[in-house]
Amino acid sequence: MSAVSLLTIEIATAILAIGLLVIGLIVPKDQRQGIGYLATFGLIIVFALTLLYTNVQETVFNGMYIIDPYSTFFKQLFLAAAILVSVSSFDYVKRLGYNQGEFYSLMVFATLGMMMLASAGDLISLYLGLELMTITFFVLTAYRKNDFKSSEAGIKYVILGAMSSAILLYGLSLIYGVSGTTVIGEIAKGLNQGAQPLELLGMIFILVGFGFKVSAAPFHMWSPDIYEGAPTPVTAFLAVASKAAGFAALVRLLVIALPSLQSSWVVIVMVLSALTVIFGNFVAIPQTNIKRLLAYSSIAQAGYLLFGLVAYSALGVAAILFHSLLYVFANLGAFTVVIAFYNKTGSDEIKDYTGLARRSPLMAAVMLLSLLSLAGIPPLAGFVSKFYLFTAIIDQGYIWLAFLGIGMSMVSVYYYLIVIKVMYMGEPPEDSEPMKLPVSIQATLYATMLVSLFFGIYPAPLTDLALSVAKAFFPF
Amino acid sequence: MQQDYAGIGIFFLIAAVFPMIVLATAWLVRPKRPSPEKLSTYECGLETQGSTWVQFKISYFLYALIFVVFDVETVFLYPWAVRFSSLGLFAFVEMVIFIAILVIGLWYAWKEGALEWM
C-alpha cells in the first residue's frame, strides 16, 4: 500500500479537526451547538476506518511511522474515548456558551496527537505527536476563561508540561547521540555495546519525562491540581486517553529501542510502579472533591499499568492493553457521572452526592460499577485485567510486587466505598428532585456500563485480541 | 576510555578554578575608589522608569504569534522554491495544502479579532 493510503486514518482526523474549525467560523456564534454532533459523527466514521487496518503491519517514510496491530488497537481506544467524551460534553460546552467550535476541533487535534504517539516509529515523530497532544491540552485545560482555578491549572500545566518535555527531549537527544539514529527500530542495533553511562543517563531522562506524562509518583504532583481545575470533559479525556497514549509510546520505546538496557530500566520502573501504587491509593483516602479523588485513583492505576512493563513479556504487554481499555471505560463512566452531576448542581464535592441513588438510579449505578471495576472486584472487567497484570509479574518472579498491588487494591476499595456509601446510604437533600438526564449522557453511561460488565463476564474475545496484538509486538 | 574521561574532568576543574584565580588577582592588585555611579548595576540602553512588573497589551502576543507562523512558513517555502523545477507537481500540491492550512489559521485569527488593535 502507498504511504497516503496507510495514513488515511490520520489524514481523515486532521481534515475533521480543520473542518470543524472552518465550520465554526462560517456558522453564526449562537448556532454552533451542532458542531458537537458533527465532531461525534466524524469521529465515528474515523473509528469505522480503523477497522480496515486491524491486521496491517507496515512502516512508512523510512520507519518514521509504524502502522501495526499494536498502534491500531490504541488508535481505536483513543477514538472510542474521544467519541464518548464528545457525546457527554454536549451540555457542558453549551453551558460554557463561547468558543464551542474550537472545543471540539481542539479535542480532535489532541486525538490526532495521541494517534501519532501510538504509531511513532521515530524519536522525532514521537516528540511531534507528544507536543501536538500536550499543547492542545494546555489550551483545553484553561478553557473556562472566567474561572480562576481553570486558568491556574492551565498555567501550571504549561510550565510543568514544558519542563517534562525538555527533560524527555534531552534524554532522546542523548540516546540519539549514542546510537546514531532516531529510528526506534534501529536504536537497539546502535546500542549493542553494553550499558554505557551516557545511554543510562538518556534512559533515565526518558523515564522521568514519560513519568510526568503518565503521572507516575514521584512525578505526579501536577495531576490532581490540573484535573480539578480543568473543565470536567477535558479532565476525563486527559485522565484516560492521554495517559494511555503515554503508555503506548513508553512501551514501544523501552521494549523496541532499549532492550539492551532492560536490566537497568526494569529496576527503575519497578520502584516507580511500587511508589505510584502506594502513593496514589493512600493519598486518595482523605480527598473530599470527586475530581481529586479520581485523579489520585488514576495515579494509582498508572502504577498498575507499569506492572505490565516490569513483567517485560508478551503477557505483560497484553495485560497493559487490556487494562488500559478497561481503565478508559471505567474512568469515562465515572467522569460522565461527574459531568452530569455538575451540570445539574454545579458541585464536585463528594458530600453533595448524598442520596444520589434515589435522585438518579442510573448515575449511581454507573458510578458504582465504574468504581468497583477500577478497584478490581469480580465480575467486573477491572478484576480480569488486574488478574492478568498480577499473573504477568508473578510469572517473572516479582511476587512481592503482586502482593503489594493486591494490598493496595484493598486500600482502594475503602475510598471507592466511601463514595458509594454517600450515594446509597445518604439521604437526598430536602428540596431535591429526581434528575432527568439528557439522551447523550444516558447513552454514554449505558455504553461504559455495558463494556465494564461485558468484558468482566466474558473477557475471552478481548483477551485473545490483546494477546495476539502483544505477541506480534513482542516477538521474544 | 577512563583516561579520556579523566582528561575531561581535569579540563572542567581548570575551567572552574581559572576564573576564580583571575578575579582574585584583579581584586588584590586593583585600586579601590568606589563611587555611587560605579556601584550601580551595569545596564545598557535607556534607564528603566518605574517598576518593570507592569501589564501590557495581550495584542502584542497575538501579533507575535501570527508573525511567527508566517515567518516559519518562509523557512519551508524557500528551499521548495529553489528546487521547484525538479520537484514537480506533487510538491506543488503539497505546498498548496500546507499554505491552505496556514491560511485557515490566519482566517481564524482574523475572524476572532486578533488583528484588531483595541
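Computed from a predicted model, the values in this text were never measured in an experiment.

Attention now goes to the overall build of chain A. Counting its secondary structure elements, chain A contains 21 helices and two strands. What you see for chain A is a C-alpha radius of gyration of 21 Å, in line with the 23 Å of a compact globule of 476 residues. Seen along its three principal axes, the alpha-carbon backbone of chain A occupies a region of about 70 × 55 × 40 Å. Expressed as a percentage of the 476 residues in chain A, the buried residues total 57%.

Quick look at the overall build of chain B now. Secondary structure summary: chain B contains five helices and zero strands in total. Starting at the N terminus, the α and β elements of chain B follow one another as α-α-α-α-α. Compactness check: chain B gives a C-alpha radius of gyration of 28 Å against a globular reference of 13 Å for 118 residues, more than 25% above the reference. In terms of principal-axis extent, the alpha carbons of chain B reach across some 70 × 55 × 25 Å.

This brings us to the environment of A:Met203. All names here are of chain A. Looking at where Met203 falls in the secondary structure, it is placed in helix α10 (residues 197–213). By the C-beta count within 10 Å, which is 23 here, Met203 ends up buried. Once the C-alpha coordinates of Met203 and Ile394 are considered, the two residues, 191 residues apart in sequence, prove to be 25 Å apart. Here Met203 is in contact with Gly171, Leu258, Leu261, Ser264 and Trp265, once residues within four sequence places are set aside.

Time to look at the interface of chain B and chain A. Taken together, the contact between chain B and chain A spans five residues of the former and four residues of the latter. Among the residues forming the side of chain B that touches chain A, the class breakdown is four nonpolar, no polar and one charged.

This paragraph deals with helix α5 (residues 89–111) of chain B. End to end, α5(B) covers 32 Å across 23 residues, agreeing with the expected 33 Å (1.5 Å per residue, within 8%). Just downstream of α5(B) lies B:Gly113, where phi reads positive at about 85 degrees.

Residues and elements named next belong to chain A. Each assigned domain of chain A is listed with its residue range as follows: domain 1 (1–257) and domain 2 (262–476). When each unit is reduced to the centre of its C-alpha atoms, the spacing between domain 1 and domain 2 is 21 Å. Contacts between the two partners involve 44 residues from domain 1 and, on the opposite side, 47 residues from domain 2. Elements that contribute at least two residues to the side of domain 1 that touches domain 2 include exactly α4 (69–88), α5 (90–96), α10, α11 (222–229) and α12 (232–257). Broken down by element, the side of domain 1 that touches domain 2 gets its largest block of residues, 13 residues, from α12. Class assignment for the residues of the side of domain 1 that touches domain 2 results in 31 nonpolar, eight polar and five charged.

Residue and element names in this part refer to chain A. Cis geometry marks the peptide bond from Ala217 to Pro218, where omega comes out at 0 degrees. Its location among the elements puts Pro218 in the loop between α10 and α11. In this chain, Pro378 is followed by Pro379 through a cis amide linkage whose omega measures 5 degrees. Checked against the element boundaries, Pro379 lands in the loop between α17 (361–375) and α18 (381–395). Within the chain, Ser215 stands out as a residue other than glycine whose phi angle is a positive 50 degrees. Within the secondary structure, Ser215 sits in the loop between α10 and α11. Unlike most non-glycine residues, Tyr312 shows phi in positive territory, near 50 degrees. With respect to the element layout, Tyr312 can be found in the loop between α14 (290–311) and α15 (314–345). On the basis of neighbour count, Tyr312 is assigned to the buried category, with 22 C-beta atoms found within 10 Å.

Now for the packing of α17(A) against helix α20 (residues 439–457) of chain A. Helix packing for two helices is described by the angle between their axes and how far apart those axes are. All names here are of chain A. Packing of α17 against α20 brings their axes to within 10 Å, and their N-to-C directions diverge by 35 degrees. Once α17 is placed against α20, the crossing between them reads as left-handed. Residues Leu362, Val366, Leu369, Ser370 and Ser373 of α17 form the contact with α20, whose own contacting residues are Gln442, Leu445, Thr448, Met449, Ser452 and Leu453.

Here α4(A) contains 20 residues, and its C-alpha end-to-end distance of 29 Å stays within 8% of the 28 Å for a straight helix at 1.5 Å per residue. The buried fraction of α4(A) amounts to 19 of the 20 residues, a majority that puts the element mostly inside the structure.

Segmenting chain B into domains produces domain 1 (2–39) and domain 2 (59–111). Its C-alpha centre places domain 1 of chain B at a distance of 49 Å from the equivalent point of domain 2 of chain B.

Attention now moves to the packing of α4(A) against α12(A). All names here are of chain A. The contact between α4 and α12 brings their axes to 10 Å, and the two run at 175 degrees. Classified by the angle between their axes, α4 and α12 sit roughly antiparallel to one another. Counted together, Phe74, Leu77, Phe78, Ala81, Ala82, Val85 and Ser88 of α4 and Pro233, Ala236, Phe237, Val240, Ala241, Ala244, Ala245 and Ala248 of α12 form the full contact between these two elements. Across the contact of α4 with α12, the residue classes tally to 14 nonpolar, one polar and no charged.

Bringing the confidence of the model for chain B into the picture now. Residues and elements named next belong to chain B. On average, residues of chain B carry a pLDDT of 86, and 98% of them reach 70 or more. Mean pLDDT across the elements of chain B ranges from a minimum in helix α2 (residues 36–39), with 82, to a maximum in α5, with 90. If you check the scores for this complex, the pTM reads 0.89 and the ipTM reads 0.79.

Residues and elements named next belong to chain A. By size, the foremost hydrophobic cluster in this structure holds 177 residues, and its most contacted members are Phe78, Ala81 and Leu117. No other element matches the 22 residues that α15 contributes to this core. Looking at which domains feed residues into this core, each of domain 1 (1–257) and domain 2 (262–476) gives three or more. With near-sequence residues (within four places) excluded, Ala81 lies in contact with Phe237, Val240, Ala241, Val328 and Leu332.

Let us look at the environment of A:Ala314. Residues and elements named next belong to chain A. Turning to its location among the elements, Ala314 is positioned in helix α15. By the C-beta count within 10 Å, which is 20 here, Ala314 ends up buried. A sequence separation of 154 residues divides Ala314 from Ser468, and the C-alpha atoms of the two residues are 9.0 Å apart.

What counts, and at which threshold
- Residues numbered from 1 in each chain as written.
- Chains lettered and ligands numbered in written order.
- Predicted model: local features only at pLDDT ≥ 70, side-chain atom pairs only at ≥ 80, totals over all residues.
- Helix = DSSP H or I, 4+ residues; strand = E, 2+ residues; numbered from the N terminus.
- Rg over C-alpha atoms; globule rule 2.2 N^0.38 Å.
- Buried ≥ 20, exposed ≤ 12 C-beta atoms within 10 Å, placed from the backbone.
- Contact = placed C-beta atoms within 7 Å.
- Nonpolar A, V, L, I, M, F, W, Y, C, P; charged D, E, K, R; others polar.
- Expected span 1.5 Å × (residues − 1).
- Domains from an automatic or database assignment.
- Axes fitted to C-alpha atoms, helices over the stretch in contact; angles between N-to-C directions.
- Left-handed = near helix turned anticlockwise from the far one by under 90°.
- Parallel < 35°, antiparallel > 145°, perpendicular 65-115°, else oblique.
- pLDDT = per-residue confidence, 0-100.
- Core = buried A, V, L, I, M, F, W, Y, C linked by C-beta atoms within 7 Å.

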